[in-house]
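Reading the structure
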Amino acid sequence: MTAVVQMKSPPRLAIIVPCYNEEETLQATCEKLRTLLAALRAERAVAAQSYICFVDDGSRDKTWEIIARLTAEHDDIAGLKLARNVGHQAAVLAGLHECDGDALITIDADLQDDEGAIREMMQRMGQGYDVVLGVRADRSSDAWSKRFFAESYYRLLKAMGVKTVFNHADYRLLSQRAADALRQFPEANLFLRGMITLIGFKWTTVSYARRERLAGESKYPFRRMLSLAWEGITSFSVVPLRIVSVIGLLVSLASLAVTAWAIYVRLTGDYVPGWASTVVPMYFLGGVQILCLGVIGEYIGKIYMETKQRPRYLVDEHIAAHKLTAPAVRTS
Ligand code: UDP
Ligand code: MG
């Protein structure tokens, strides 16, 4: 009688790729990811039903047509079309919410983040980690300015008390239970890399060198980068409000000192009537007040957006990967 060796079946992996106007990169990205997936299947590092899900974030070019074609050509490709452009963070969240798998990995469509690190992420998961964060060890392919702003920003976040992992963006593995935990975060103001550290569970990092974009240009212009940066601070920290209070206190103390000085000068009789001492503090205080109101308004705006409880994304269409016995994409 032959002994039946009961082997633990490898985890089913879903690779989630947010795409916004990525017609130039999709084909190459798909090939590279499929090659990797085939190798991982052969190594029994992932289950045969593992798949790639491209999330079309309301692209205006041929992205969805290409995704639809890829799903028809290959068994292990799924597609999720969002009803409109909701931004990278919400697109990643949509993929995480709608895709099923024991492991969910999110990676950008331009493959600037080395897909080779997926193998190590899976190994770490095998060692019992629920969250594995990709960390850019070498960013020399990024423009000097982008690197400078990004790295200064991570430091600023730290100073503001926001817990994030230095040089980790949105390339990460989540176990199904970590992804389920993320579902319980209802916030509309999304900053995933901050939310991930709030989940807890056993986590680790893997590092890789960041590459050039495969093709096309960045879909993250400076304006969007600034807006994400601001989101990260204001959604996770009330330090700016505290800074406003401290500025208020300092300016009040300074005004008191100036008042004392004015009284002294008046009493000693040695004064020149002038407008500078009146007008300068007026403008200065006016500026400080408007700034403070702006910061407070920013937080009120956030509360306003949160209270609306609008859906963070809407699904227009989804195409499941064919080979799967279980649906690749949740239908609810
Ligand atoms: N992206 C998205 N929605 C957007 C903007 C970008 O889904 O509104 C996707 C984009 O297709 C890519 C990823 O987010 O897969 C990162 O964008 P990009 O590579 O342009 O940013 P960068 O690497 O320059 O920061
Ligand atoms: Mg990129």
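Report follows, based on the coordinates. Please read all numbers here as calculations on a predicted model, not as lab measurements.

**Some points on the overall build of the protein**
- Along its length, the protein carries 10 helices and eight strands.
- A compact globule built from 332 residues would reach a C-alpha radius of gyration of about 20 Å, whereas the protein, at 26 Å, exceeds it by more than 25%.
- With the C-alpha coordinates of the protein rotated into their principal frame, the extents come out at 110 × 45 × 40 Å.
- When the 332 residues of the protein are sorted by exposure, 46% land in the buried category.
- In the protein, once contacts between residues fewer than 6 apart in sequence are set aside, the share between residues at least 24 apart is 82%.
- Total accessible area on the protein is roughly 17,600 Å²; 60% of this is exposed by carbon and sulfur atoms.

**Considerations on the pairing of strand β5 (residues 131–138)**
- Counting buried positions along β5 yields six of eight residues, so the element is predominantly enclosed.
- With four bridges connecting them, β5 and strand β6 (residues 168–175) associate as antiparallel partners. Within β6, the position partnered with L133 by the bridge is R172.
- Two strands pair when backbone bridges link them, and β5 and strand β7 (residues 203–209) are joined in this way by seven bridges, in the parallel orientation. Each residue of the ladder has a partner; that of D138, found in β7, is A209.

**Considering the site of ligand 1**
- The local shell around ligand 1 holds 20 residues, among which D57, D110, S218, K219 and R224 are the closest.
- One of the backbone nitrogen or oxygen atoms of P18 is found 2.7 Å away from an oxygen atom of ligand 1.
- Interatomic distance of 2.9 Å between a side-chain N/O atom of R210 and an oxygen atom of ligand 1.
- For ligand 1, the protein covers 96% of the area, taking 540 Å² as the surface of the free molecule.
- Looking at the shell around ligand 1, the elements that each hand over two or more residues are β1 (13–19) and α3 (88–98).

**Digging into the packing of aromatic side chains**
- One pass over the full model with this rule turns up five aromatic pairs.
- Note on Y171 and Y208: the rings are 5.2 Å apart at their centroids and 70° apart in plane angle, and the pair reads as edge-to-face. In this pair, Y171 is assigned in strand β6 and Y208 in strand β7, connecting sequence segments 37 residues apart. As far as burial versus exposure is concerned, Y171 and Y208 are alike and both buried.
- Here the aromatic residues W144, F148 and F149 are joined through ring pairs into a cluster of three or more.
- Across the ring face of Y20, the terminal group of R224 is positioned such that the distance to the ring centre comes to 5.8 Å.

**Section: empty space enclosed by the protein**
- For the structure on display, the rule yields one cavity of 30 Å³ or more.
- Taken as a whole, the largest cavity holds about 50 Å³ of empty space.
- What lines the largest cavity is simply V131, L133, I196, T197, G200 and W203.
- Among the secondary structure elements, those contributing two or more residues to the lining of the largest cavity are β5 and α7 (192–199).

**Digging into the coordination of the magnesium ion (ligand 2)**
- At this site the magnesium ion (ligand 2) is bound by D110 (OD) and Q112 (OE1), with donor distances of 1.9 to 2.0 Å. Grouping residues by exposure puts D110 and Q112 together as buried.

**Some words on the environment of R310**
- Here R310 shows up in the loop between α10 (276–308) and β8 (315–319).
- For the pair R310 and F236, spaced 74 residues apart in sequence, the C-alpha separation works out to 20 Å.

**Focus on the side chain of T204**
- Here T204 lies in strand β7.
- Beyond its immediate chain neighbours, meaning those up to four positions away, T204 contacts R124, Y129, V131, V132 and L133.

**Digging into the sheet that holds β6**
- The eight strands are arranged β7-β5-β6-β4-β1-β2-β3-β8 in an open sheet whose pairing can be described as mixed. The open sheet has two free edges, formed respectively by β7 and β8, since each of these has just one partner strand. For this sheet, the mean inter-axis angle between neighbouring strands, taken without regard to orientation, is 20°.
- Sheet analysis places strand β4 (residues 103–106) next to β6, joined by four bridges and oriented antiparallel. Paired with A103 across the bridge in β6 is S175.
- Set on the sheet, helix α2 (residues 63–73) makes contact with β1, β2 (51–56), β3 (77–82) and β8; between it and β3 the angle comes to about 150°.
- Lying over the sheet, α7 contacts β5 and β6, oriented at roughly 40° with respect to β6.

**Quick look at the state of the cysteines**
- Taken as a whole and judged by the stated rule, the model has zero disulfides.
- Cysteine C19 is unpaired, with the sulfur of C53 as its nearest cysteine sulfur at 9.0 Å.
- The class of C19 is buried, set by a relative accessible area of 1%.

Conventions and cut-offs
Residues numbered from 1 in each chain as written. Chains lettered and ligands numbered in written order. Predicted model: local features only at pLDDT ≥ 70, side-chain atom pairs only at ≥ 80, totals over all residues. Heavy atoms only, no water. Helix = DSSP H or I, 4+ residues; strand = E, 2+ residues; numbered from the N terminus. Rg over C-alpha atoms; globule rule 2.2 N^0.38 Å. Buried < 20%, exposed > 50% of the residue type's maximum accessible area, 1.4 Å probe, protein only. Contact = heavy atoms within 4.5 Å. Areas by Shrake-Rupley, 256 points an atom, 1.4 Å probe, with all protein chains shown as cover. Pairing = 2+ DSSP bridges. Near = heavy atom within 4 Å. Polar contact = N/O pair within 3.5 Å; in protein donor to acceptor, adjacent residues only side chain to side chain. Phe/Tyr/Trp six-rings, centres within 6.5 Å; stacked < 30°, edge-to-face > 60°. Lys NZ or Arg CZ within 6 Å of the ring centre and 35° of its normal. 1 Å grid on protein atoms, 1.4 Å probe; cavity = no way out; pocket = protein on both sides within 12 Å on 5 of 7 lines; lining within 4 Å. Points joined across faces, edges and corners; volume = space filled by probe spheres on them. Donors = N, O, S within 2.8 Å, 3.2 Å for Na, K, Ca; no water. Axes fitted to C-alpha atoms, helices over the stretch in contact; angles between N-to-C directions. Disulfide = S-S within 2.5 Å.

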